[in-house]
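Observations on chain architecture
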Protein chains: 2
Amino acid sequence: METIVSLAKRRGIIFQSSEIYGGLNGFFDYGPLGAELKRNIRNAWWEDMVHRRDDIVGLESSIIMHPRVWEASGHVEGFTDPMVDCRESKQRFRADQLFFAPVVVVGEDGAETTIGYVSALESEDTAADLQARAEDLKRKLGARGTLKPLVVADITAAHPEEIEKIPSPATGKPGSLTPPRSFNLMFETHVGALRDASSVAYLRPETAQGMFVDFKTIVDTTRVKLPFGIAQIGKSFRNEITPRNFIFCSREFEQMEMEYFIHPDADWFACHEEWLQWCRDWLISIGIPADLLSFDEHPKEKLAFYSRRTVDIMFRYPFGVQELWGIAARSDYDLKQHAKHSGKPMEIFDEATKSKVVPHVIEPAVGVDRILLAVLCSAYYEDEVEGEKRTVLRFHPRIAPYKVAVFPLLKNKPPLVERAQALYRALKRKYNVFYDESGAIGRRYRRQDEIGTPWCVTIDFDTVEKDGTFTIRDRDTLEQQRITEDQLFAMLEEKLG
Amino acid sequence: METIVSLAKRRGIIFQSSEIYGGLNGFFDYGPLGAELKRNIRNAWWEDMVHRRDDIVGLESSIIMHPRVWEASGHVEGFTDPMVDCRESKQRFRADQLFFAPVVVVGEDGAETTIGYVSALESEDTAADLQARAEDLKRKLGARGTLKPLVVADITAAHPEEIEKIPSPATGKPGSLTPPRSFNLMFETHVGALRDASSVAYLRPETAQGMFVDFKTIVDTTRVKLPFGIAQIGKSFRNEITPRNFIFCSREFEQMEMEYFIHPDADWFACHEEWLQWCRDWLISIGIPADLLSFDEHPKEKLAFYSRRTVDIMFRYPFGVQELWGIAARSDYDLKQHAKHSGKPMEIFDEATKSKVVPHVIEPAVGVDRILLAVLCSAYYEDEVEGEKRTVLRFHPRIAPYKVAVFPLLKNKPPLVERAQALYRALKRKYNVFYDESGAIGRRYRRQDEIGTPWCVTIDFDTVEKDGTFTIRDRDTLEQQRITEDQLFAMLEEKLG
């Protein structure tokens, strides 16, 4: 993982936001290559999801929506994490990351005495940490007997009377922690001139509600018929307490979500299965290896009451197997909630059954940043070429920032440079391409390998003096061939289509 | 304008955010056609600005940046509007939209007496409004003599002792208005668990600061050389007091900005002129008529102290000639401010002069929504075809949501439907296209005209029984021709390239 973060930084692909001011935790900027990668992922998804299908339309709803949207969706109430404050240090901790244990000593007579409590924030070795603190406490109090094995729990499991006895991880002393309290993950702001309860608004924590809120408008202004989907790409924000794993879990991120509306009597399970397959196939189509992907079905007892089934497509990141794409069967819950809260019917007239129905929905929701990280991790290879170590990003051509790099063999031979420039210009009308004339060809190849350019083209004397063909070198096979300009365009058309 | 707003609503192109909850003032959603329009504008700009040029790279920086960015840029201090509060009604007014006048009566002896003050919010007829109120006041107080012509000013011109005497527009009574106070246009939020001064953050009011803050990282990780530019497309937010003119001035909007860095000794004026021309030419290239565009040079005395020159490209909107694209010569002010505030040098090594320099910058900044509105306004036409009124959106093919609509002549003839479907599928691999088999051909044409599809293709019996050619009908000339599938693809390649 460190190698990838460091490459991303060194080549200006991804780096922390506002670095010159020390950075901002949980926010990232995408440099020239990162911006192209992101754009290619978005475009591939939109083309495949919206343009190439017959049943899906697009939407761009605003990031700030009416606050009642988030009451209806349950985000104001439910989208919370329990937090514990330390009244003395004014620090705040996520309750499920603050662990504690009573320290119990067993005397020679077998009697058990609780001599106090220890606490620790979640770390790589919370158990050992707590054990050491317990031994410390026993020594400090001069307690006799043996330490009973610690029973560790997070602070949400503490009884109210225990809270007072648990030391704050900030001060090491008990008495300053509050009981766990809900903390909303939505970023809050105020719209308009006044700043009071009436002007509160939130940055959306997901794009999905846009599709539900605009459902009726889209049904009324387009010719969609069940089943159909509404797709959206856009930024979402979650005030995560612990941003982690580079761009995997950040506070500002970009989502690609689609709500697929089906008749309430339709076979939702079959439809859900179809979307699972579609999403997996799509990931493979943009170059993510199938063997790094797996499915994770949420157990029934962990589903929200309205949810019929949720399956995540997991990706084997360097830091573990983690959720990449969630595909949920959400029943008619969201539309009915908005119908209830807005008083507006959320129905569609179904031609087949000649009746108005509230459709059910299948929701495949994925983050652009998570896909980009999966793409980056699975594209990264190190190998040896001509006795030298080579770093290569094996991006799928559709995702690669640059599609082709064009080199004149020598930069001091005007006919070569002119021909290379002409080809570069012709390619540039259609594709993002790179021109490089400095250094030995081998070095120029390696520069392109490191940023994942699939093909390099070299203009040499044969090109200008003989048949016009040039050398094309494949990033992955390292094979070199001579082809014509027409053949190059035809190949790109085929590979990038 | 109303016609356009109503068409946008009726065809689901643009509508208010969160409509089912009564809408949210200053926020808009783009429906299926609007999302495609926006996407096409963004893609055309990115391709022309970044991919087809040699000297410009892309960036996607985060919307929430370190708060010190906005101190350095001057937005925390300077980006404010003077506001007046009414202490009684708790309403807040923009000072430059709240007008007042002393009411002076001239007695028979020629003596002038100020009998009170009148006030009114800016409207289409503020002067008449104030005059009526002045006459009312005179009548109510039974003042003798003649009313002196009113001297109207906005409240920023009021003396402190006058403020107390000016009636609040909310209550009609004096005594409750505060003096004008600065109000920041940035949306504020809090990052992390704590909510205090240390966690304040802002939604960016412009994308430009991302380019300045990341300048050094981009210089260090890419091979850019002066002159070069950094381009970015993304959402920005301004808590405008009075959102107006549909999507022209909204609170959440999307910008396309580019910072073009030049050597401090370069001919900045010539560079500024070049960008003025580039931007104007680009607008024309996507279909905006040249005669609706004009230049507006900011007078020297109105420029910020660091600014050398600002020229706006103006567009004749239905509500008046308004700013569409601002092109500013901003000197080295922004980079130097960030160098000062961050302590990090903002320099680039210039090969030509073998020295480190802080470059100057030319900034063309435009809003996607404003371009979209200009495109919509200038594309709208009503004409008469075969004796019937026709509404047509004459979008440039590159911008049009659908490029081609495919019709089988009759929907109950399987060979026609099959051939039409096959063509539709083939086109859909590359372009966003529409399939329609319902209703008379004339009606299908008109549906496409209204959403701006440039070409309609009809599969008839000659297509399947004879030479395979089909009819293509041009939206603007209404001409019909027979062409082959190969010719159609070649034409699209040429027109959309």
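As a convention, each chain's residues are numbered from 1 in the sequence order in which they are written. To label them, take the chains in the order written and letter them from A, then take the ligands in the order written and number them from 1. Per-residue local features are limited, in this predicted model, to residues with pLDDT of at least 70; the limit for side-chain atom pairs, both in listing and counting, is 80 or more; totals at the level of whole chains, interfaces and linings are taken over all residues. The basis for the side-chain values is all heavy atoms of the structure; hydrogens and waters are excluded.

1. What to know about helix α12 (residues 414-428) of chain A
Residues and elements named next belong to chain A.
- In a regular helix each residue adds 1.5 Å, so 15 residues correspond to 21 Å; α12 covers 20 Å between its end C-alpha atoms and thus fits that length.
- Partly exposed describes any residue whose relative accessible area lies between the buried limit of under 20% and the exposed limit of over 50%, with all areas from a 1.4 Å probe on protein chains only and scaled to the type maximum. Only DSSP runs of H or I with at least four residues qualify as helices, and only runs of E with at least two residues qualify as strands; both kinds are numbered from the N terminus onward. Residues of α12 that are buried: Leu416, Val417, Ala420, Leu423, Tyr424, Leu427 and Lys428. With its buried residues spanning 135 degrees around the axis, α12 presents them on a single face. Turned more than 90 degrees away from the buried face of α12, the exposed residues are Pro414 and Glu418. Multiplying 1.5 Å by the residue count of a helix minus one yields the expected span of that helix. Taken from the helix axis, the directions to the C-beta atoms give the arc we talk about.

2. A closer look at the pattern of salt bridges
- Any Lys or Arg side-chain nitrogen located within 4 Å of an Asp or Glu carboxyl oxygen qualifies as a salt bridge. Counted by the stated rule, this structure contains 82 salt bridges over all chains.
- Ionic pairing is found between B:Lys428 and A:Asp54, a salt bridge with its closest N-O pair at 3.6 Å. Here the residue B:Lys428 occupies a position in helix α12 (residues 414-428), and A:Asp54 occupies one in the loop between α2 (32-51) and β3 (56-58), the pair thus bridging two chains.
- The exposure class of B:Lys428 is buried, given its relative accessible area of 5%.

3. Quick notes on the pairing of strand β13 (residues 200-203) of chain B
Residue and element names in this part refer to chain B.
- In β13, alternate side chains face the same way, and those of Val200 and Tyr202 on one face and Ala201 and Leu203 on the other are all buried.
- Bridge count for strand β4 (residues 64-65) against β13 is 2 bridges, and the pairing is antiparallel. Among the inter-strand pairings, Met65 is bridged to a residue of β13, identified as Tyr202.
- Summarising the sheet, strand β12 (residues 188-190) and β13 pair through 3 bridges and their orientation is antiparallel. Here, a strand pair is defined by DSSP locating no fewer than two bridges between the strands.

4. Concerning the relation of the copies chain A and chain B
- The superposition of copies rests on a least-squares fit of C-alpha positions from residues with pLDDT of 70 or more in both. You can overlay chain A on chain B at an RMSD of 0.2 Å; the transform is a turn of 180 degrees with a shift of 0.0 Å along its axis. Both chain copies can therefore be described as sitting about a two-fold axis. Closest to the rotation axis within chain A is the C-alpha of A:Thr189, separated from it by 2.5 Å.

5. A word on the confidence of the model for chain A
- Along the chain, pLDDT gives the predictor's confidence residue by residue, from 0 to 100. Confidence in the prediction of chain A, expressed as mean pLDDT, is 94, and 99% of residues score 70 or more.
- The complex prediction reports pTM at 0.87, with the ipTM value standing at 0.87.

6. Concerning the packing of α12(A) against helix α15 (residues 485-496) of chain A
Residues and elements named next belong to chain A.
- Contact pair α12 / α15: the axes reach a minimum separation of 12 Å and the direction vectors enclose 30 degrees. By the angle between their axes, α12 is roughly parallel relative to α15. α12 and α15 meet at a crossing whose hand is right-handed. Listed contacts from α15 to Arg419, Leu423, Ala426 and Leu427 of α12 are Glu485, Leu488, Phe489 and Leu492.
- In terms of residue class, the contact of α12 with α15 is built from 6 nonpolar, no polar and 2 charged. Working convention: axes come from line fits to C-alpha atoms, limited for helices to the stretch in contact. Angles between N-to-C directions cover 0 to 180 degrees. With respect to orientation, any angle under 35 degrees is reported as roughly parallel, any angle over 145 as roughly antiparallel, any angle of 65 to 115 as roughly perpendicular, and every other angle as oblique. Crossing handedness is read from the near helix: turned anticlockwise from the far helix by less than a right angle, it gives a left-handed crossing, and turned clockwise, a right-handed one. Every residue pair with non-hydrogen atoms within 4.5 Å of one another is taken to be in contact. The nonpolar class holds Ala, Val, Leu, Ile, Met, Phe, Trp, Tyr, Cys and Pro. Asp, Glu, Lys and Arg form the charged class, and all remaining residues, Gly among them, are polar.

7. Some remarks on the packing of α2(A) against helix α9 (residues 268-285) of chain A
All names here are of chain A.
- Contact geometry for α2 and α9: axes closest at 12 Å, N-to-C directions at 140 degrees. One finds that α2 runs oblique with respect to α9. Crossing geometry of α2 relative to α9 is assigned as right-handed. Here Ile41, Ala44, Trp45, Asp48 and Met49 of α2 lie close against α9, whose contacting residues are Trp275, Trp278 and Trp282.

8. What about the interface of chain A and chain B?
- Contacts between chain A and chain B engage 89 residues on the former and 89 residues on the latter.
- Buried area, as used here, totals the accessible surface that two parts lose on assembly, with accessibility defined by a 1.4 Å probe and the loss added over both. For the pair chain A and chain B, the summed buried area comes to about 7,500 Å², and 51% of that belongs to carbon and sulfur atoms.
- Area buried by chain A at its contact with chain B is led by A:Ile20, A:Tyr21 and A:Glu60, which between them contribute 12% of it.
- At the junction of chain A with chain B, the criterion picks out 12 salt bridges.
- Close ionic contact of A:Lys38 with B:Glu60 constitutes a salt bridge, the shortest N to O distance being 3.4 Å.

9. Quick word on the sheet that holds strand β24 (residues 433-435) of chain A
All names here are of chain A.
- Within the open sheet, the 5 strands sit side by side as β24-β23-β25-β26-β27. Their pairing is mixed. Strands with a single pairing partner mark the edges of an open sheet, and in this sheet they are β24 and β27 (480-483). Neighbour-to-neighbour, the strand axes of the sheet open up by a mean angle of 25 degrees, direction not taken into account.
- Here strand β23 (residues 404-408) runs beside strand β25 (residues 455-459); their pairing, made up of 5 bridges, is parallel. Of the residues in β25, the one forming a bridge with Ala405 is Cys456.

10. Thoughts on the sheet that holds strand β15 (residues 293-297) of chain A
Residues and elements named next belong to chain A.
- Strands sit in the order β3-β13-β14-β20-β17-β16-β15 across an open sheet of 7 strands; the sheet is mixed. Looking at the sheet topology across the chains shown, the edges are occupied by β3 and β15. Strand-to-strand, the axes of this sheet are offset by a mean angle of 25 degrees, without reference to chain direction.
- Taken together, the 3 bridges between β3 and strand β13 (residues 228-237) define a ladder with parallel strand orientation. Along β13, the bridge assignment pairs Val57 with Ile230.
- Of the strands in this sheet, β3, β13, β14 (252-262), β17 (320-331) and β20 (360-367) touch α2, which is tilted by about 160 degrees from β13.

11. Details of the domain arrangement of chain A
Residues and elements named next belong to chain A.
- The domain architecture assigned to chain A consists of domain 1 (2-79 + 187-377), domain 2 (81-183) and domain 3 (402-496).
- A C-alpha centroid distance of 39 Å is found between domain 1 and domain 3.
- Taken residue by residue, the interface counts 6 residues in domain 1 and 6 residues in domain 3.
- Each partner contributes to the roughly 510 Å² buried at the junction of domain 1 and domain 3, and carbon and sulfur atoms together form 47% of this total.
- When the area that domain 1 buries against domain 3 is broken down by residue, the three leading residues are Arg11, Leu33 and Glu36, summing to 65%.
- For the interface between domain 1 and domain 3, the tally reads 2 salt bridges.
- A salt bridge links Glu450 to Arg11; its shortest N-O distance comes to 2.7 Å.
- What qualifies as a polar contact is a pair of N or O atoms within 3.5 Å, subject to a donor-acceptor requirement within protein and to the restriction that residues adjacent in sequence count only when both atoms come from side chains. At the junction of domain 1 and domain 3, the tally comes to 2 residue pairs in polar contact (both at pLDDT 80 or more). Delimitation of the domains relies on an automatic or database domain assignment.

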